[in-house]
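This is what each chain is made of:
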Amino acid sequence: MIIISYDIANDKLRTTFSKYLLKFGHRIQYSVFEVDNSKRVLDNILCDIENNYSKRFAETDSVYIFKLSETCEIISLNYS
């Protein structure tokens, strides 16, 4: 599994980026997505970020990608 978290100041760019990530996975929090772990998918995402988004990001914007292993324990606490 891959977790992608982002902090993007520009509303339009943030919306565009979140819609882009929806093609690969699902939202688990407002700016956090869960994506199936695949080298091909990760390579596509990294390439698209570099080619289509990085020039539009501000200095304060950030994208974090966490590659979780199969042995990684995930504890999810949901409060409704």
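Residues numbered from 1 in each chain as written. Predicted model: local features only at pLDDT ≥ 70, side-chain atom pairs only at ≥ 80, totals over all residues. Heavy atoms only, no water.

A. Here's a closer look at the nonpolar core. Core analysis: the largest hydrophobic core is formed by 16 residues, its most contacted members being Phe-17, Leu-21, Ile-45 and Phe-57. Of all the secondary structure elements, the ones that give two or more residues to this core are strand E1 (2-7), helix H1 (11-22), strand E3 (32-35) and helix H2 (39-53). Per element, the largest residue contribution to this core is five residues, and it comes from H2. Those residues in contact with Phe-17 that sit more than four places away from it in its chain are Tyr-6, Ile-8, Ile-49, Tyr-53, Phe-57 and Val-63. (Core = buried A, V, L, I, M, F, W, Y, C linked by side-chain atoms within 4.5 Å. Buried < 20%, exposed > 50% of the residue type's maximum accessible area, 1.4 Å probe, protein only. Helix = DSSP H or I, 4+ residues; strand = E, 2+ residues; numbered from the N terminus. Contact = heavy atoms within 4.5 Å.)

B. Region of interest: the pattern of salt bridges. Under the criterion given, the structure shown has two salt bridges. Between Arg-14 and Asp-11 there is a salt bridge, with its nearest N and O atoms 2.3 Å apart. Of this pair, Arg-14 and Asp-11 both sit in helix H1, three residues apart, which is roughly one turn of that helix. Exposure remark for Arg-14: the relative accessible area of 17% places this residue in the buried category. Its salt-bridge partner being Lys-39, residue Asp-43 comes within 3.1 Å of it at the nearest N-O pair. Of this pair, Asp-43 and Lys-39 both sit in helix H2, separated by four residues, roughly a single helical turn. For Asp-43, a relative accessible area of 36% gives the class partly exposed. Taking relative accessible area as the criterion, Lys-39 reaches 63% and is therefore assigned exposed. (Salt bridge = Lys/Arg side-chain N within 4 Å of Asp/Glu carboxyl O.)

C. A look at the pairing of E1. Here four bridges tie E1 to E3, and the two strands are oriented antiparallel to one another. By the bridge assignment, Ile-2 is partnered in E3 with Val-35. Here E1 pairs with strand E4 (residues 62-67) via six bridges, running antiparallel. Of the residues in E4, the one forming a bridge with Ile-2 is Lys-67. (Pairing = 2+ DSSP bridges.)

D. Examining a nonpolar patch on the surface more closely. A contiguous nonpolar surface patch, about 430 Å² in accessible area, is contributed by Ile-75, Leu-77 and Tyr-79. Tracing the backbone shows Ile-75 in the segment after E4. (Patch = residues over 30% accessible without salt bridge, like charges linked within 9 Å, V, L, I, M, F, W, Y side chains within 5 Å. Areas by Shrake-Rupley, 256 points an atom, 1.4 Å probe, with all protein chains shown as cover.)

E. Looking closely at the packing of aromatic side chains. This model, assessed by the stated rule, comprises nine aromatic pairs. Between Phe-17 and Phe-57 the ring centres are 6.0 Å apart and the planes differ by 80 degrees, which places this aromatic pair in the edge-to-face class. Of this pair, Phe-17 sits in helix H1 while Phe-57 sits in the loop between H2 and E4, placing them 40 residues apart in sequence. Here a set of aromatic residues connected by ring pairs shows up, and it is made of Tyr-6, Phe-17, Tyr-20, Phe-24, Phe-33, Tyr-53 and Phe-57. The ring of Tyr-30 has Arg-27 sitting right over it, with the charged end atom 5.5 Å from the ring centre. (Phe/Tyr/Trp six-rings, centres within 6.5 Å; stacked < 30°, edge-to-face > 60°. Lys NZ or Arg CZ within 6 Å of the ring centre and 35° of its normal.)

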